[in-house]
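Fold and geometry: a report
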Amino acid sequence: VQLQASGGGLVQTGGSLRLSCAVSGRTFNSFSMAWFRQAPGKEREFVAGIRESAGRPYYADSVKGRFTISRDNAQNTAYLQMHSLNSEDTAVYYCAANNRLVLTAIRSASSYGYWGQGTLVTVSS
């Protein structure tokens, strides 16, 4: 299984970006997907997750109302649409996948067996 994250870049405060995570190698429909991020000097943290059924998404409190996770099972791709970005959103963003996670496991990095290479998001003031 390979995950390819893309879409990061430099954006001004208040701006928007959309990250993509293309998955290959296994049936995308069976994967729970998530985005994590890691800022310099900080631990990796959960940002958003969505289960394989593409039902209710889950968000960290810090991004709720600003970020939207989605998936396109026909394109084997997950997305993270980010709005109203601020300096605290500056981080390397990683997409992650694992087969059919239970609800209680969605927010934990240790639940995911497959990771993308990370894409850097830098928010400037």
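In this report, we go over the structure that sits alongside the text. All values derive from a computational prediction rather than experimental measurement. (Residues numbered from 1 in each chain as written. Predicted model: local features only at pLDDT ≥ 70, side-chain atom pairs only at ≥ 80, totals over all residues. Heavy atoms only, no water.)

**Quick notes on the overall build of the protein chain**
How we decide: Strands are runs of DSSP state E lasting at least 2 residues, helices are runs of H or I lasting at least 4, and numbering of each runs from the N terminus. Contact between two residues is taken to exist if any of their heavy atoms lie within 4.5 Å; hydrogens are not considered. Per-residue and other accessible areas follow the Shrake-Rupley method at a 1.4 Å probe size, with only the shown protein chains counted as cover for residues. A positive count includes Lys and Arg, and a negative count includes Asp and Glu. His and the chain ends are not counted in either. Just so you know, the charge point we use is NZ for Lys, CZ for Arg, CG for Asp and CD for Glu.
Counting its secondary structure elements, the protein chain contains 0 helices and 11 strands. With the C-alpha coordinates aligned to their principal axes, the bounding extent of the protein chain is approximately 40 × 25 × 25 Å. In the protein chain, the share of contacts with a sequence separation of at least 24, taken over all contacts with a separation of at least 6, comes to 59%. Accessible surface computed for the protein chain: about 6,200 Å², of which carbon and sulfur atoms make up 45%. Charged side chains in the protein chain number 12 positive and 7 negative. The centres of these two groups are separated by 6 Å.

**Here's the deal with the pattern of salt bridges**
Rules: For this document, the term salt bridge refers to a Lys or Arg side-chain nitrogen within 4 Å of an Asp or Glu carboxyl oxygen. For each residue, the accessible area found with a 1.4 Å probe, counting protein chains only, is set against the maximum for its type, and the residue is called buried under 20%, exposed over 50%, and partly exposed in between.
Evaluation of the coordinates by the stated rule reveals 5 salt bridges. Glu45 is the partner of Arg37 in a salt bridge, and the nearest nitrogen-oxygen pair spans 2.6 Å. A relative accessible area of 35% places Glu45 in the partly exposed class. For Glu52, the salt bridge goes to Arg100, with nearest N and O atoms at 4.0 Å. With a gap of 48 residues between them, Glu52 in the loop between β5 (45-50) and β6 (58-59) and Arg100 in the loop between β9 (91-99) and β10 (114-115) connect regions that are remote in the sequence.

**Things to note about the state of the cysteines**
Two cysteines joined by a covalent bond between their sulfur atoms form a disulfide. Quick reminder of the rule: In plain terms, two cysteine sulfur atoms within 2.5 Å form what is called a disulfide here.
The tally for this structure, following the rule as stated, stands at 1 disulfide. Here Cys21 pairs with Cys95 through a disulfide, and the sulfurs are 2.2 Å apart. Across the disulfide from Cys21 to Cys95, rotation about the S-S bond amounts to roughly 65°, and the bridge is consequently right-handed. One end of the pair, Cys21, is in strand β3 (residues 17-24); the other, Cys95, is in strand β9, and 74 residues separate them in sequence. Both residues of the pair, Cys21 and Cys95, count as buried.

**What about the side chain of Glu52?**
Heads up, the rule is: Here a polar contact is taken to be a pair of N or O atoms separated by no more than 3.5 Å, where protein atoms must pair a possible hydrogen donor with a possible acceptor and residues adjacent in sequence count only if both atoms sit in side chains.
Judged by relative accessible area, which is 14%, Glu52 ranks as buried. Among the polar contacts made by the side chain of Glu52, one reaches the side chain of Ser32 at a distance of 2.8 Å. Among residues more than four places away in sequence, those in contact with Glu52 are Asn29, Ser30, Phe31, Ser32, Arg71, Asn73, Arg100 and Leu101.

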